[in-house]
Amino acid sequence: MKVAQHTTYNKNKIALNLTEIAKPAIKPNQVLVKVTAAGVNPLDNMISRGEVKLIVPYKLPQTAGNEVVGLIEEIGSNVTKFGIGDRVFGRLPLDSIGAFAEYVVVDSAALAQVPTYLTDVEAAAVPLTALTIMQALSLMGAEAGKTIFISGGTGGVGGMAIPIAKAKGLTVITNGDGANAERVLALGADRFIDYKKEDYTDLLSNVDYVLDTLGGAETEKQMSIMKKGGQLVSLRAMPNGEFAKRMNLPKWKQFLFGMVGRKFDKMAKTYGVHYNFIFVESNGQQLQEVADIFSKLEIKPSIDTVYPFEEVNVALDKVANGRSRGKTVLSFK
Ligand SMILES: NC(=O)c1ccc[n+]([C@@H]2O[C@H](COP(=O)([O-])OP(=O)(O)OC[C@H]3O[C@@H](n4cnc5c(N)ncnc54)[C@H](OP(=O)(O)O)[C@@H]3O)[C@@H](O)[C@H]2O)c1
C-alpha cells in the first residue's frame, strides 16, 4: 500500500516520502480502515520539524497523519461496537499515527461513527479540533451555567469550540476579527468582541474558564479577566509539569516541562487561577459525543483546499505557509 512517511527531522524543509509498504495486520482490539480522507494539521509539520519529539518520540521512518476518515475493512476479534463497512473517523493514538496511507490499523477505542450529514472530506476536519475542545472542557471541569472566554474564536478551533461549549450549557464570550462577527454569533456565541477595536481586558471580569488559542502575551491578559479559582487551558503557550505528569512522561521530562512552564504557573498563581496546557489525544467516546452534538446542529466545518493524496507535500506546505480559511484535507478517492 502507498504511504507518506516522515524519514528525517528537519527544521527547514518538510518533505514526506511517498513509498510502498506491506498492508498491516490487525490485533484483537483493532480494525483495518481503508482511508478515504485525512485532515492535514500544523501538528504534522511540527512532527516533521522535530518540535514534538519530547512529547512523542517517533522512530523514523514513521507514516505521517493524525486525523483519519475511512471505511472499516477488517475487524479484530474483540471489537464489538463496529461492523465491516462502517464509516468511521478519529484522531489516531499518539503512538500509532499514520493517516497518510491507503490503509491504517487503528485501536477501535479511538474511533467514532461519522455523522451521515457530513461528507468524508468534511468529516476529516472534525476529530482533532473537536477533541481538543472536549478535552479542554473536561480538564476545566466546565459546568453548565458558567462563563467561558474563547480567544480567537474566529479561527478553526473557535468554529467548533463555540457550538460545543453552548451545547454544554456555557455562556460563551469570544473575540476575533470583526469581519467574522456575524458568523461567530450565528454559531451561538453570546458576546463577540472585535479585537482590533476593543480591549477585552477593559470589558470582562469574573470569567470562570478561558480557552486560550493565542498564547504569547494574550495568556496573561486572559488570566486577568478571570474569577479567582478559574481554569485556563492553553493550546498555544507552554507545556508545564502538570501536563507532563498527566501525559505519563518520564520523570526527567516532567522536571524539564516543570521548568519550561513555571513562568505560566507562577503567573496563574498571581491571578489566583489555574494554568493548564493540553496536547490533544485520541478518544472515540468523546468523539462520538461530539458527533451526536454535530448531528443535531448539522454544523459544517469549513474546508480550505482538498488535495489528492499524492500531493501531500503541497498540502503540508499550504498548511505551513498559506493563510488558511478552513481545513486542508487529503482525498484518497
Ligand atoms: N495543543 C493542542 O492540542 C492544539 C490542538 C488544536 C489546535 N492547537 C493550536 O491552536 C491554535 C489556534 O488554532 P486555530 O485553528 O483556531 O487557528 P486559526 O484558524 O489560525 O485562528 C486564529 C484566529 O485568531 C484570530 N486572532 C489573531 N490574533 C488575535 C488576537 N490578538 N485577538 C483575537 N483574535 C486573534 C485570527 O484572526 P485574524 O484572521 O484577524 O488573524 C484567527 O481568526 C493554533 O496555534 C493551533 O496549532 C493546539
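For clarity, every value in this text was computed on a predicted model and none was experimentally measured.

Novice: Help me understand the site of the ligand, please; the structure alone is not making it clear to me.
Specialist: Not every one of the 22 residues close to the ligand is listed here, only the nearest: G152, G155, G156, V157 and D177. Put simply, the parts of the chain that give the shell around the ligand at least two residues each are α3 (127-140), α4 (156-167) and β10 (171-176). In terms of residue count, the dominant contributor to the shell around the ligand is α4 (three residues).

Novice: Before we go on, may I ask you to explain the domain arrangement of the protein chain in this structure?
Specialist: It is common to give the size of an interface as the accessible area lost on bringing the parts into contact. Under the domain assignment, the protein chain is made up of domain 1 (2-126 + 301-331) and domain 2 (128-277). Computed over C-alpha atoms only, the centres of domain 1 and domain 2 are separated by 27 Å. Classifying every residue of the side of domain 1 that touches domain 2 by side-chain character gives four nonpolar, five polar and three charged.

Novice: I keep staring at the sheet that holds strand β13 (residues 226-234) and nothing clicks. Help me out?
Specialist: Sheet strands associate in pairs through backbone hydrogen bonding, adopting either a parallel or an antiparallel arrangement. Read across the open sheet, the six strands follow the order β11-β10-β9-β12-β13-β14; overall the sheet is parallel. Looking at strand neighbours, the two that pair on one side only are β11 (191-194) and β14 (274-277), the edges of this open sheet. Averaged over all pairs of adjacent strands, the angle between their axes in this sheet comes to 20°, without regard to strand direction. In this structure, strand β9 (residues 147-150) lies alongside β10, joined through four bridges in parallel fashion. In the sheet register, I148 faces β10, and the bridge partner there is V172. Contacts between α4 and the sheet are confined to β9, β10 and β12 (207-212), with β10 contributing the most and set at about 165° to the helix.

Novice: Help me understand the packing of α3 against helix α11 (residues 284-297), please; the structure alone is not making it clear to me.
Specialist: Describing two packed helices takes the angle between their axes plus the distance from one axis to the other. It is the contact of α3 with α11, at a shortest axis distance of 10 Å, that shows an interaxial angle of 100°. Here α3 lies roughly perpendicular to α11, going by the angle between them. Together, P127, A130, L131 and M134 of α3 and Q286, L287, E289 and V290 of α11 make up the contact between the two elements. For the contact of α3 with α11, a count of residues per class yields six nonpolar, one polar and one charged.

Novice: How should I be thinking about unusual backbone geometry in this particular structure?
Specialist: Trans peptide bonds make up the majority, and among non-glycine residues the majority have a negative phi. Cis geometry is found at the peptide bond from L60 to P61, where omega equals 0°. Among the secondary structure elements, P61 is positioned in the loop between α1 (42-48) and β4 (62-63). In the Ramachandran plot, N206 falls in the positive-phi region, its phi being about 60° despite a non-glycine side chain. Take N206: it is sitting in the loop between α6 (200-203) and β12. According to the C-beta neighbour criterion, N206 is exposed, with 10 such atoms within 10 Å. Unusually for a residue other than glycine, E298 sits at a positive phi of about 50°. You can see E298 is positioned in the loop between α11 and β15 (303-308). For E298, a count of 9 C-beta atoms within 10 Å translates into the label exposed.

Reading the values: the criteria
- Residues numbered from 1 in each chain as written.
- Predicted model: local features only at pLDDT ≥ 70, side-chain atom pairs only at ≥ 80, totals over all residues.
- Near = placed C-beta within 6 Å.
- Helix = DSSP H or I, 4+ residues; strand = E, 2+ residues; numbered from the N terminus.
- Domains from an automatic or database assignment.
- Nonpolar A, V, L, I, M, F, W, Y, C, P; charged D, E, K, R; others polar.
- Pairing = 2+ DSSP bridges.
- Axes fitted to C-alpha atoms, helices over the stretch in contact; angles between N-to-C directions.
- Contact = placed C-beta atoms within 7 Å.
- Parallel < 35°, antiparallel > 145°, perpendicular 65-115°, else oblique.
- Buried ≥ 20, exposed ≤ 12 C-beta atoms within 10 Å, placed from the backbone.

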